[in-house]
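Commentary on secondary and tertiary structure
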Amino acid sequence: MMWPPSVTFSLSLLLLLGQAPSGRPQSSGTKKLRLVGPANRPEEGRLEVLHQGQWGTVCDDDFALQEATVACRQLGFESALTWAHSAKYGQGEGPIWLDNVHCLGTENTLDQCTSNGWGVSDCRHSEDVGVVCHPQRQRGYHSEKVSNALGPQGQRLEEVRLKPILASAKRHSPVTEGAVEVRYEGHWRQVCDQGWTMNNSRVVCGMLGFPSQVPVNHHYYRKVWNLKMKDPKSRLNSLTKKNSFWIHRVDCLGTEPHLAKCQIQVAPGRGKLRPACPGGMHAVVSCVPGPHFRPQKSKPRRKESHAEELKVRLRSGAQVGEGRVEVLVNRQWGTVCDHRWNLISASVVCRQLGFGSAREALFGAQLGQGLGPIHLSEVRCRGYERALSDCLALEGSQNGCQHTNDAAVRCNIPDMGFQNQVRLAGGRNHEEGVVEVQVEVNGVPRWGTVCSDHWGLMEAMVTCRQLGLGYANFAIKDTWYWQGTPEAKEVVMSGVRCLGTELALQQCQRHGPVHCSHGPGRFSAGVACMNTAPDLVMNAQLVQETAYLEDRPLSMLYCAHEENCLSKSADLMDWPYGHRRLLRFSSQIYNLGRADFRPKAGRHSWIWHQCHRHYHSIEVFTHYDLLTLNGSKVAEGHKASFCLEDTNCPTGVQRRYACANFGEQGVAVGCWDTYRHDIDCQWVDITDVRPGDYIFQVVVNPTNDVAESDFSNNMVRCRCKYDGQRVWLHNCHTGDSSRPNAELSLEQEQRLRNNLI
């Protein structure tokens with residue numbers, strides 16, 4: 001919209017943000033830099049610096065590689081390749097902020113180098129300098145945050161909220177409809193509705209965690225407003241006469257991730273005596289919550305395609321609405337490169353998934369590296385796309401992206417109030433303690449403890465997520481050493497069973513009347529939370545490629561028999577005469593998470609195995625099963641206990657864990673543990689299996705004893721054909737992959753999961 005010519009803007013009141021053509025974030029330096037150049041080359045361009053709220057250029061006098069290196073590092077790149085003089089990337093506009101810049105090369109930001117001073121220059125824009133940075137990002141170059149782009153200090157639009165007006169809106173959780181209120185310089189102000197558009201509503205809803213907006217009944221709200229204005233004693237009547245009560249005017253494009261990046265006029269122009277909102281009323285917005293945040297009984301407003309939902313997903317995020325971005329292309333999940341990744345593109349992903357706009361676009365695989373292809377790079381969204389697939393992008397393989405460049409997001413989510421309904425008490429720090437929950441007892445909110453009967457890692461995971469503390473490290477059933485809150489000793493929740501996807505314990509299944517076998521006290525449920533977690537995933541392709549049959553003599557299977565790696569019928573054989581038919585294969589288990597995978601048991605409880613000459617650190621680590629097509633188990637070959645170590649690590653990562661000499665056991669971040677087909681117990685005993693078609697299933701960490709950021713990728717399934725002499729595995733895939741021709745019905749899926757011990 002165009003501003004009326006009569007309106008005069010004061011620079012101290014007008015926030016004009018988001019003008020940069022580049023979506024690249026800046027470092028934590030006192031001044032921001034950007035490169036203005038070719039759209040497909042984010043690492044080169046004309047160097048510009050932001051000073052006093054205005055972008056300007058840098059003169060090429062005395063500029064050399066040392067100065068370019070400092071600038072590139074400030075921009076998040078590892079180093080500079082070269083620089084360019086004489087406005088190679090075009091002449092800039094505005095002031096020439098810096099001239100005769102001299103850097104030692106050790107400075108963190110360009111403004112720490114010496115120069116003539118801000119704005120002191122004898123140059124013209126024909127001398128604007130450009131730089132070419134090395135495309136590799138710094139490890140510390142993490143994200144573009146909304147909070148980094150809110151304008152000069154003291155001129156911030158800090159928060160936004162909806163104040164419900166109708167009685168029905170006040171009962172909703174989350175609040176989806178009401179008058180817009182903006183927190184400016186520490187005070188809440190309402191926004192004048194004159195010139196208010198649906199684009200403005202879209203930005204407000206996005207900030208509040210909602211993907212979309214709908215029109216409101218303006219005439220009805222005007223009637224309510226007029227009634228209040230007729231009452232001379234109403235507080236609203238007196239407040240509206242004060243200019244300090246209003247945000248005068250807002251003008252958004254609808255693509256902004258934050259209201260502060262729109263054009264905002266806080267009050268009428270300086271010297272104007274008229275009210276800030278003459279004849280107007282407060283702007284009212286109605287938002288549409290995403291599927292995760294709707295009341296369970298409500299129906300979606302439009303028919304949603306399940307296939308559409310599966311085209312993008314978030315992985316390895318500690319909280320709801322955050323994670324590494326993965327997209328589905330040609331039935332295969334892959335990642336997105338962080339080149340040109342910004343808040344606008346990240347917001348498209350967030351809204352597609354049913355969240356609001358993005359509050360942070362993350363770079364450099366900060367939320368973990370993916371496996372498989374890098375599908376997209378140089379993603380360029382305008383902000384109104386319904387899906388990431390509608391944005392312009394290059395193939396990830398076209399510009400040398402690695403998984404160290406995997407992009408991630410943190411989305412705005414609605415305030416459901418769940419965080420205020422649970423707390424931890426008695427722990428040594430704020431991340432551990434007895435779980436205390438608030439529930440309604442006879443219509444009255446009451447705090448109490450949770451019965452630890454059936455309390456496990458999934459329930460603990462939901463608790464930590466509800467608290468905003470990430471993942472559960474331990475689910476604790478015996479909390480006698482933690483003193484809870486005295487007034488919350490009574491058990492108010494029992495029989496809790498969570499799937500792990502719930503937003504709060506109150507959403508999990510639980511007993512109606514509370515029934516706890518041991519009552520309150522030392523056996524109340526407790527948790528210990530952590531910010532990062534491992535994530536194990538098996539190489540499905542390697543399983544498929546290495547499978548074969550072997551008839552192995554019993555005389556060579558004593559150790560394996562001792563470890564229960566053979567079928568029950570082996571107990572009845574005439575040892576050492578005879579043989580067992582084994583389906584052998586190799587397994588390679590990656591740790592894609594952000595923390596090392598460590599055994600739950602301490603070293604003092606590891607078990608020495610004399611036959612294999614090493615310590616077993618974990619009781620049940622892997623299950624290998626052969627199932628019928630309807631899910632009935634016909635053969636098994638599980639690893640009853642395990643020696644965990646780093647078999648291989650990528651270049652630049654040091655091996656940390658080795659089983660030899662009672663060494664530390666685990667799988668480090670980025671490394672993998674390989675078990676060759678020719679070692680003991682790396683098989684399924686199929687001696688008693690008849691020829692036919694089967695499902696071959698491998699599950700890592702099957703009892704979820706050790707916390708992971710994602711349990712959905714712990715299972716590998718293959719179709720198996722056995723003719724009595726030969727075996728074929730095909731269509732091997734992890735549980736979170738998408739290969740429709742190999743997927744099973746929901747009923748069959750449940751049968752398979754019921755086979756897990």
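Described below are features of the structure shown in this document. Because the structure is predicted, anything quoted here is derived from the model rather than measured. (Residues numbered from 1 in each chain as written. Predicted model: local features only at pLDDT ≥ 70, side-chain atom pairs only at ≥ 80, totals over all residues. Heavy atoms only, no water.)

Once that is clear, we can look at the environment of G578. Checked against the element boundaries, G578 lands in the loop between α10 (558-562) and β32 (579-584). When the C-alpha positions of G578 and L554 are compared, they lie 5.8 Å apart, and in sequence the two are 24 residues distant. When residues no more than four places from it in sequence are discounted, the contact partners of G578 are P553, L554 and M573. (Helix = DSSP H or I, 4+ residues; strand = E, 2+ residues; numbered from the N terminus. Contact = heavy atoms within 4.5 Å.)

Under the defined criterion, the tally for this structure stands at 27 salt bridges. For E436, the salt bridge identified is with R423, shortest N-O distance 2.7 Å. With a gap of 13 residues between them, E436 in strand β25 (residues 432-441) and R423 in strand β24 (residues 422-426) connect regions that are remote in the sequence. The partner of D478 in a salt bridge is R522, and the shortest N-O contact between them spans 3.0 Å. A residue pair is termed long-range when its members are at least 10 positions apart, and D478 in the loop between β27 (471-476) and β28 (491-493) and R522 in the loop between β28 and β29 (526-530) qualify at 44 residues. Each of R34, R46 and E48 takes part in one network of salt bridges that share partners. (Salt bridge = Lys/Arg side-chain N within 4 Å of Asp/Glu carboxyl O.)

This part takes up helix α7 (residues 343-352). Structural remark: α-helix, 3.6 residues per turn; residues separated by three or four positions point the same way. Of all the 10 residues making up α7, nine are buried; the element is thus mostly covered by neighbouring parts of the structure. Burial in α7 covers these residues: L343, S345, A346, S347, V348, V349, C350, R351 and Q352. Of the residues that open α7, the one with a side-chain oxygen 3.3 Å from the backbone nitrogen of I344 is N342. Count one or two residues on from α7 and you reach G354, which has phi positive near 90°. (Buried < 20%, exposed > 50% of the residue type's maximum accessible area, 1.4 Å probe, protein only. Polar contact = N/O pair within 3.5 Å; in protein donor to acceptor, adjacent residues only side chain to side chain.)

What follows is about the pairing of β32. Taken across its six residues, β32 has five buried, putting it largely inside the fold. Judged from the six bridges that link them, strand β31 (residues 548-553) and β32 form a sheet pairing that is antiparallel. Bridge pairing in β32 links Y548 to R584. With three bridges connecting them, β32 and strand β39 (residues 683-685) associate as antiparallel partners. The partner of R584 across the bridge, within β39, is W683. (Pairing = 2+ DSSP bridges.)

Within a sheet, neighbouring strands are paired by backbone hydrogen bonds and run either parallel or antiparallel to one another. One open sheet holds the three strands; their spatial order is β30-β33-β38, and the pairing between them is antiparallel. One side of each edge strand has no neighbouring strand; the edge strands of this open sheet are β30 (536-538) and β38 (672-675). Going across the sheet, the axis of each strand differs from the next one's by a mean of 20°, ignoring polarity. Pairing of strand β33 (residues 587-591) with β38 involves four bridges; the strand directions are antiparallel. Within β38, the residue paired with Q588 across the bridge is T674. (Axes fitted to C-alpha atoms, helices over the stretch in contact; angles between N-to-C directions.)

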